[in-house]
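Inside the fold
As a plain string of letters, each chain reads:
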Amino acid sequence: MSLYQQGTFAPDALYRWMASPAMDRFGNIGIGYSFGGGSHFAGQRVAARMANDPKGQLTLKEAVLVEGDAAQTNTLRWEDYAQTAVDPVDDCTIWYVGDYVKKDAPNYTSRIGAFRMPGCGTQ
């Protein structure tokens, strides 16, 4: 076994952590992760790369799944249930679930989203 690719995604000075990747049937990679810093409460974002893109880079634009509205104050735990997975029905749709805190909420909430890479499902 050997490492095929790796990289660091830091397009700005804000923070991204707890990444969870998935690969569709064409080798495209989608990745979901927590995001925050500065004036941004912790939320969830996704980014991706096509199979033929340069290794170790997320070349498709970062997208916001959900923005956090408040700071987490009642626990030290975060992202117990975050996951990225490819839908077994079409092996194309990438699902991601991650956490954020709503304004005045006592606990965090989970957000689920799905996306497909360009051309996936049409080939």
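Throughout what follows, the structure given in this document is the object of discussion. (Residues numbered from 1 in each chain as written. Predicted model: local features only at pLDDT ≥ 70, side-chain atom pairs only at ≥ 80, totals over all residues. Heavy atoms only, no water.)

What to know about the overall build of the protein
The condition that has to hold: Strands are runs of DSSP state E lasting at least two residues, helices are runs of H or I lasting at least four, and both sets are numbered from the N terminus onward. Working definition of accessibility: Shrake-Rupley area with a 1.4 Å probe, residue cover restricted to the visible protein chains.
Scanning the protein from N- to C-terminus turns up zero helices and seven strands. Going residue by residue from the N terminus, the α and β elements of the protein occur as β-β-β-β-β-β-β. If you line up the protein on its principal axes, its C-alpha atoms span 45 × 30 × 30 Å. Total accessible area on the protein stands at roughly 7600 Å², and carbon and sulfur atoms take up 54% of it.

Thoughts on the state of the cysteines
Note the threshold: Note that a disulfide, as used here, is simply two cysteine sulfur atoms within 2.5 Å. Categorising residues by exposure relies on relative accessible area from a 1.4 Å probe, with only protein chains included: less than 20% of the type maximum marks a residue as buried, more than 50% marks it as exposed, and the intermediate range marks it as partly exposed.
Per the stated rule, a full pass over the model turns up one disulfide. Residue cysteine 92 pairs covalently with cysteine 120 via a disulfide, S to S 1.5 Å. Looking along the S-S bond of the cysteine 92-cysteine 120 disulfide, the torsion reads about -120°, which is the left-handed sense. Residue cysteine 92 is found in the loop between β5 (83–86) and β6 (94–100), and its partner cysteine 120 is found in the segment after β7 (109–115); the two are separated by 28 residues along the sequence. Of the two residues examined, cysteine 92 and cysteine 120, each falls in the buried class.

Some details on the nonpolar core
We count it as follows: In this description, a nonpolar core means a group of buried Ala, Val, Leu, Ile, Met, Phe, Trp, Tyr and Cys residues linked to one another through side-chain atoms lying within 4.5 Å. By the convention used here, residues are in contact when the closest approach between their heavy atoms is within 4.5 Å.
With six residues, the main nonpolar core is built from Ala22, Ala48, Cys92, Ile94, Met117 and Cys120. Those residues in contact with isoleucine 94 that sit more than four places away from it in its chain are Ala22, Gly30, Thr84, Ala85, Val86, Gly113, Ala114, Phe115 and Met117.

A few points about the packing of aromatic side chains
Think of a pair of aromatic rings as described by two things: how far the centres are apart, and how the planes are tilted against each other in angle. Stated formally: Here the aromatic set is Phe, Tyr and Trp, taking the six-membered ring for Trp, and pairing holds for ring centres within 6.5 Å; pairs whose planes are under 30 degrees apart are stacked, those over 60 apart are edge-to-face, and all others are tilted. For a ring to carry a charge above it, either NZ of a lysine or CZ of an arginine must fall within 6 Å of the ring centroid while also lying within 35 degrees of the normal to the ring plane.
Inspection of every chain in the model, using the stated rule, returns one aromatic pair. Arginine 45 extends its terminal NZ or CZ atom over the ring of phenylalanine 35, reaching a point 3.4 Å from the ring centre.

Here we look at the pairing of β6
Defined as follows: Following DSSP output, two strands are said to pair if at least two bridges run between them.
Among the seven residues of β6, six are classified as buried, and the element is accordingly described as predominantly covered. Pairing geometry for β5 and β6, over four bridges, is antiparallel. Of the residues in β6, the one forming a bridge with glutamine 83 is valine 97. As paired elements, β6 and β7 share seven bridges and run antiparallel to each other. Counterpart to tryptophan 95 in the pairing with β7 is alanine 114.

Describing the pattern of salt bridges
The criterion, for reference: Salt bridge criterion: a side-chain nitrogen from Lys or Arg within 4 Å of a carboxyl oxygen from Asp or Glu.
According to the stated counting rule, one finds five salt bridges in the structure shown. For arginine 116, the salt bridge identified is with aspartate 90, shortest N-O distance 2.5 Å. Separated by 26 residues along the polypeptide, arginine 116 in the segment after β7 and aspartate 90 in the loop between β5 and β6 bring together distant segments of the chain.

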